[in-house]
Amino acid sequence: MLSLIQGEVVTQNNWLSAQEFTDIVAISQMTPGPIGINSATYVGYTAVLNAGYNTGYGILGSCLASFAVVLPSFILMIIISRYFLKYQNSPVINSVFKGLKPAVVGLLASASLTLMTKDNFGSLNTDSYTFFISVLIFIIAFVGTYKYKISPIRMIIAMGLVGFIMY
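Residues numbered from 1 in each chain as written. Predicted model: local features only at pLDDT ≥ 70, side-chain atom pairs only at ≥ 80, totals over all residues. Heavy atoms only, no water.

Participant: Just checking my understanding: could you explain the nonpolar core for this structure?
Facilitator: Across soluble globular proteins, you tend to see nonpolar side chains buried next to one another. With 11 residues, the main nonpolar core is built from L2, I5, V9, V10, L16, F21, I24, V25, V43, A111 and L115. Contributions of two or more residues to this core are made by α1 (2-12), α2 (18-30) and α5 (91-115). A per-element tally of this core places α1 first, with four residues. Not counting the four nearest positions on each side in its chain, I5 is found in contact with V10, F21, G36, S39 and V43. (Core = buried A, V, L, I, M, F, W, Y, C linked by side-chain atoms within 4.5 Å. Buried < 20%, exposed > 50% of the residue type's maximum accessible area, 1.4 Å probe, protein only. Helix = DSSP H or I, 4+ residues; strand = E, 2+ residues; numbered from the N terminus. Contact = heavy atoms within 4.5 Å.)

Rendered as structure tokens:
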């Protein structure tokens with residue numbers, strides 16, 4: 001979802017900068033709800049304000065963007081749920097779900113790699129301090145959540161404080 005949103009709003013339409021998109025991801029991770037809906041809400045609001053409209057239109061933009069993200073999934077889930085219980089033990093359906101698991105891992109890896117830019121990490125050539133601190137924060141967050149099973153919410157708060165202190 002993140003790579004699709006970034007491709008549309010940053011790369012293709014230039015509604016937001018890469019830094020604004022990174023801010024959206026951070027805010028969307030900290031707020032309750034699915035990241036796609038949270039980021040769509042923020043993108044809708046920010047893109048309308050960046051286009052020169054006032055806050056009222058920004059709120060309308062956030063509502064429309066959220067609705068546009070939710071509606072296709074909602075319709076698809078209604079259609080799927082109608083048939084899933086009937087065919088859930090089918091070998092074909094089981095094979096489809098086995099194929100989806102690696103695809104989901106690939107999509108998550110793609111979203112992670114998409115965010116690993118010099119806008120987010122700095123550059124070793126231009127600002128080595130920022131680069132090393134960013135890499136250190138990344139490694140600590142990865143090891144903390146993967147190996148030590150630290151809550152992502154606690155990790156976000158802790159790494160936010162580390163970033164605030166170090167930068």
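Back to the write-up after that little detour.
Participant: Honestly, α2 in this entry has me stumped. Any pointers?
Facilitator: Structurally, the α-helix is built with 3.6 residues per turn, so residues lying three or four positions apart point the same way. For α2, spanning 13 residues, the distance from its first C-alpha to its last is 19 Å, which sits close to the expected 18 Å at 1.5 Å a residue. Burial in α2 covers these residues: F21, I24, V25 and S28. Taken down its axis, α2 places every buried residue within 100° of arc, on the same side. Looking at the buried positions of α2, the neighbouring elements they touch are α1, α3 (35-50) and α5. (Expected span 1.5 Å × (residues − 1). Arc of directions from axis to C-beta.)

Participant: I would appreciate a short explanation of unusual backbone geometry in the present structure.
Facilitator: The phi dihedral of N14 falls on the positive side, at around 55°, and the residue is not glycine. Here N14 falls in the exposed class, since its relative accessible area comes to 59%. Residue K149 is not a glycine yet carries a positive backbone phi of 55°. Inspection of the secondary structure puts K149 in the loop between α7 (128-146) and α8 (152-166). Taking relative accessible area as the criterion, K149 reaches 64% and is therefore assigned exposed.

Participant: It is not clear to me how the layout of surface pockets should be interpreted in this structure. Could you clarify?
Facilitator: One water molecule sets the probe size; rolling that probe over the atoms shows where empty space is left. By volume, the largest pocket amounts to about 1600 Å³. Together, 37 residues line the largest pocket, and V25, A26, Q29, L115 and F138 are the ones closest to its centre. Residue assignment for the lining of the largest pocket shows that the elements contributing at least two residues are α1, α2, α5, α6 (118-121), α7 and α8. Broken down by element, the lining of the largest pocket gets its largest block of residues, eight residues, from α2. Of the residues in the lining of the largest pocket, the class split is 24 nonpolar, 11 polar and two charged. (1 Å grid on protein atoms, 1.4 Å probe; cavity = no way out; pocket = protein on both sides within 12 Å on 5 of 7 lines; lining within 4 Å. Points joined across faces, edges and corners; volume = space filled by probe spheres on them. Nonpolar A, V, L, I, M, F, W, Y, C, P; charged D, E, K, R; others polar.)

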